Amino acid sequence: MMEYIKKYIVKEEHTDWQGNMEGLYYPYYLEDCRHAYIKEILCFDFEEEARNGISMVLSNYRIQILRSLKGGSNLSVSCTVFRDKSASTLLHFKQMITLRGKIVTLGLFSSTCTPSNGGRSFLPPSLNRLLSRVPLLETLSNF
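Residues numbered from 1 in each chain as written. Predicted model: local features only at pLDDT ≥ 70, side-chain atom pairs only at ≥ 80, totals over all residues. Heavy atoms only, no water.

Before going further, it helps to examine the overall build of the protein chain. Check the secondary structure of the protein chain and you find three helices and six strands. Taken from N to C terminus, the helices and strands of the protein chain fall in the order β-α-α-β-β-β-β-α-β. For 143 residues, the compact-globule formula gives about 15 Å, and the C-alpha radius of gyration of the protein chain, at 16 Å, lands near that figure. For the C-alpha atoms alone, the extent of the protein chain along its principal axes is close to 45 × 30 × 20 Å. Across the 143 residues in the protein chain, those meeting the buried criterion constitute 39%. Look at the contacts in the protein chain between residues 6 or more apart in sequence, and 68% of them connect residues 24 or more apart. When the accessible surface of the protein chain is totalled, it reaches about 8,100 Å², and 50% of it is carbon and sulfur. (Helix = DSSP H or I, 4+ residues; strand = E, 2+ residues; numbered from the N terminus. Rg over C-alpha atoms; globule rule 2.2 N^0.38 Å. Buried < 20%, exposed > 50% of the residue type's maximum accessible area, 1.4 Å probe, protein only. Contact = heavy atoms within 4.5 Å. Areas by Shrake-Rupley, 256 points an atom, 1.4 Å probe, with all protein chains shown as cover.)

Tracing the backbone shows Thr15 in the loop between strand E1 (4-9) and helix H1 (25-40). Here Thr15 falls in the buried class, since its relative accessible area comes to 16%. Polar side-chain contacts of Thr15 include one of 2.5 Å to the backbone oxygen of Glu12. If we ignore the near neighbours within four places in the chain, the residues touching Thr15 are Val10, Asn20, Met21, Glu22, Lys70 and Gly71. (Polar contact = N/O pair within 3.5 Å; in protein donor to acceptor, adjacent residues only side chain to side chain.)

This next bit is on the nonpolar core. Among soluble globular proteins, nonpolar side chains are generally buried collectively. Grouped together as the largest cluster of nonpolar side chains are 32 residues, with contacts concentrated most on Leu69 and Phe93. Sorting the residues of this core by element identifies E1, H1, strand E2 (54-65), strand E3 (74-84), strand E4 (91-99) and strand E5 (102-115) as the ones contributing at least two each. Of the residues forming this core, the biggest block, eight residues, is contributed by H1. For Phe93, the residues in contact, after removing those within four places along its chain, are Arg34, Tyr37, Ile38, Leu42, Cys79, Thr80, Val81, Gly107, Leu108, Phe109 and Ser111. (Core = buried A, V, L, I, M, F, W, Y, C linked by side-chain atoms within 4.5 Å.)

Turning our eyes to something else, we now look at the pattern of salt bridges. Overall, the coordinates contain two salt bridges when judged by the stated rule. Residues Lys6 and Asp32 are paired through a salt bridge, measuring 3.0 Å at the closest nitrogen-oxygen approach. Of the two residues, Lys6 sits in strand E1 while Asp32 sits in helix H1, which places them 26 residues apart along the sequence. (Salt bridge = Lys/Arg side-chain N within 4 Å of Asp/Glu carboxyl O.)

What follows is the structure, given as structure tokens:
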């Protein structure tokens with residue numbers, strides 16, 4: 001699977017009184033990019049799948065903020081998917097926020113699917129087929 005990149009401009013209302021982007025917006029931009037990747041590249045439509053009784057949910061995430069962003073910054077957010085080495089029902093999304101080619105934020109988000117009415121986690125057959133060629137994430141400790 002290819003790396004997916006989406007461009008954003010930091011909105012002024014996402015900044016604090018110093019002009020720095022508020023901490024809660026780093027995961028916001030990562031999530032927006034990840035959801036676009038899941039819909040456009042993995043062809044998993046959250047609303048349609050929910051109507052079919054399937055929910056994609058986060059099971060874990062880590063974010064490392066290396067530099068602050070300012071309002072008006074033109075940033076790029078990337079997303080790449082990996083399969084889990086030991087759990088066939090987990091997907092891992094490695095993400096980065098970059099500004100002028102420099103890494104600002106690293107993120108690792110783990111997801112699975114569950115039946116909307118409860119039950120064991122799984123990946124739908126359509127995702128399993130598509131992800132059969134996706135590399136394994138060897139370790140969660142390194143982003």
